[in-house]
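Per-entry structural report
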Amino acid sequence: MPTSASRTTTLSRLYARPGFLLRRAHQISAAVFEDECRDLQLTPAQFGVLTVLKSHPGLGQSNLARALGFDKVTVLRVLRGLESRGLVERESSAGRRNVSVQLTPAGSRTLESAQKPAERAYRRLMAPLDREQQQQLLALLQLLTGELEDEARAAFVPPARQEG
């Protein structure tokens, strides 16, 4: 039977693992964002979709998923929620295989209204760190995700790299 000290050591190892800390940081990040955007009833995923569509109106559903690193099921779920609220429209061009998505006027207004709360959420999330630590954190996260991109379950391809 494990001793109290060995259980503590085992838990300490778990709690110090990057995966555990990244998942926990993501939970906190989402909670802070949703708290700031409560009045708009907007999630980080929905904000991401609206932001990409503002920059790339009519982007195909598959390219939209890649632009956010979402799998097809996730992007569909997010789009259905946004569509039911009248914030996006999906249009099939060649059957149902090639579906393009665009913001509605209500979607544009919601995205505009979300800018200040999203910025407050960002500041709240980064508040425990000084400016240098914030830059280091972002640089390390970009390095980690960039170097391990091939390990991801869903591809991340920004729209600018998809065109051409």
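See the structure shown above.
Read on for a plain summary of the structure.

Parameters and conventions
- Residues numbered from 1 in each chain as written.
- Predicted model: local features only at pLDDT ≥ 70, side-chain atom pairs only at ≥ 80, totals over all residues.
- Heavy atoms only, no water.
- Buried < 20%, exposed > 50% of the residue type's maximum accessible area, 1.4 Å probe, protein only.
- Helix = DSSP H or I, 4+ residues; strand = E, 2+ residues; numbered from the N terminus.
- Pairing = 2+ DSSP bridges.
- Axes fitted to C-alpha atoms, helices over the stretch in contact; angles between N-to-C directions.
- Left-handed = near helix turned anticlockwise from the far one by under 90°.
- Contact = heavy atoms within 4.5 Å.
- Nonpolar A, V, L, I, M, F, W, Y, C, P; charged D, E, K, R; others polar.
- Expected span 1.5 Å × (residues − 1).
- Arc of directions from axis to C-beta.
- Phe/Tyr/Trp six-rings, centres within 6.5 Å; stacked < 30°, edge-to-face > 60°.
- Salt bridge = Lys/Arg side-chain N within 4 Å of Asp/Glu carboxyl O.
- Patch = residues over 30% accessible without salt bridge, like charges linked within 9 Å, V, L, I, M, F, W, Y side chains within 5 Å.
- Areas by Shrake-Rupley, 256 points an atom, 1.4 Å probe, with all protein chains shown as cover.
- Parallel < 35°, antiparallel > 145°, perpendicular 65-115°, else oblique.

1. Considerations on the pairing of strand S3 (residues 99–103)
Here S3 shows a buried face lined by Val99, Val101 and Leu103 and an unburied face lined by Ser100 and Gln102. Direction of pairing for strand S2 (residues 88–92) relative to S3: antiparallel, over a ladder of five bridges. When the sheet's bridge partners are listed, Ser92 is paired in S3 with Val99.

2. Let's talk about the packing of helix H3 (residues 44–55) against helix H4 (residues 61–68)
Running from amino to carboxyl end, H3 crosses H4 at an angle of 115°, the nearest separation of the two axes being 10 Å. Judged by the sense of rotation from one axis to the other, the crossing of H3 with H4 is right-handed. Residues Gly48, Val49, Val52 and Leu53 of H3 form the contact with H4, whose participating residues are Leu64, Ala67 and Leu68. Split by residue class, the contact of H3 with H4 holds six nonpolar, one polar and no charged.

3. Brief notes about helix H6 (residues 105–126)
Taking 1.5 Å per residue, 22 residues should reach 32 Å; H6 reaches 32 Å between its end C-alpha atoms and fits that length. Inspection of H6 places Gly107, Thr110, Leu111, Ala114, Pro117, Ala118, Ala121 and Met126 among the buried residues, and these make up the whole buried set. The elements touched by buried residues of H6 are helix H2 (18–36), H3, S3 and helix H7 (131–147).

4. Re H4
Of all the positions in H4, only Gln61, Leu64, Ala65 and Ala67 are classed as buried. The arc that holds every buried residue of H4, seen down its axis, measures 160°, which confines them to one face. Immediately downstream of H4, the backbone of Gly69 shows phi near 70°, a positive value.

5. Describing the packing of aromatic side chains
Per the counting criterion, the structure on display carries two aromatic pairs. Look at Phe33 and Phe47: their rings are 5.4 Å apart centre to centre, the planes differ by 55°, and that puts the pair in the tilted class. Taken together, the residues Phe33 in helix H2 and Phe47 in helix H3 connect sequence positions 14 residues apart. Residue Phe47 is classed as buried on the basis of its relative accessible area of 17%.

6. Structural notes on the pattern of salt bridges
Taken as a whole and assessed by the stated rule, the structure comprises six salt bridges. Here Glu36 and Arg124 are joined by a salt bridge, their closest N and O atoms 2.9 Å apart. Of this pair, Glu36 sits in helix H2 while Arg124 sits in helix H6, placing them 88 residues apart in sequence. Assessed through its relative accessible area of 38%, Arg124 is described here as partly exposed.

7. Describing a nonpolar patch on the surface
Judged by side-chain polarity, Leu22, Tyr122, Leu137, Leu138, Leu141, Leu144 and Leu148 come together as a nonpolar surface patch covering roughly 530 Å² of accessible area. Top contributing element to the nonpolar patch by residue count: H7, with four residues. With respect to the helices and strands, Leu144 occurs in helix H7.

8. Thoughts on the packing of H3 against helix H5 (residues 72–84)
Two elements in contact, H3 and H5, have axes separated by 10 Å at closest approach and are oriented at 80°. When the interaxial angle is binned, H3 and H5 end up roughly perpendicular. Listed contacts from H5 to Ala45, Gln46, Val49 and Leu50 of H3 are Val78, Leu79 and Leu82. Considered class by class, the residues forming the contact of H3 with H5 number six nonpolar, one polar and no charged.

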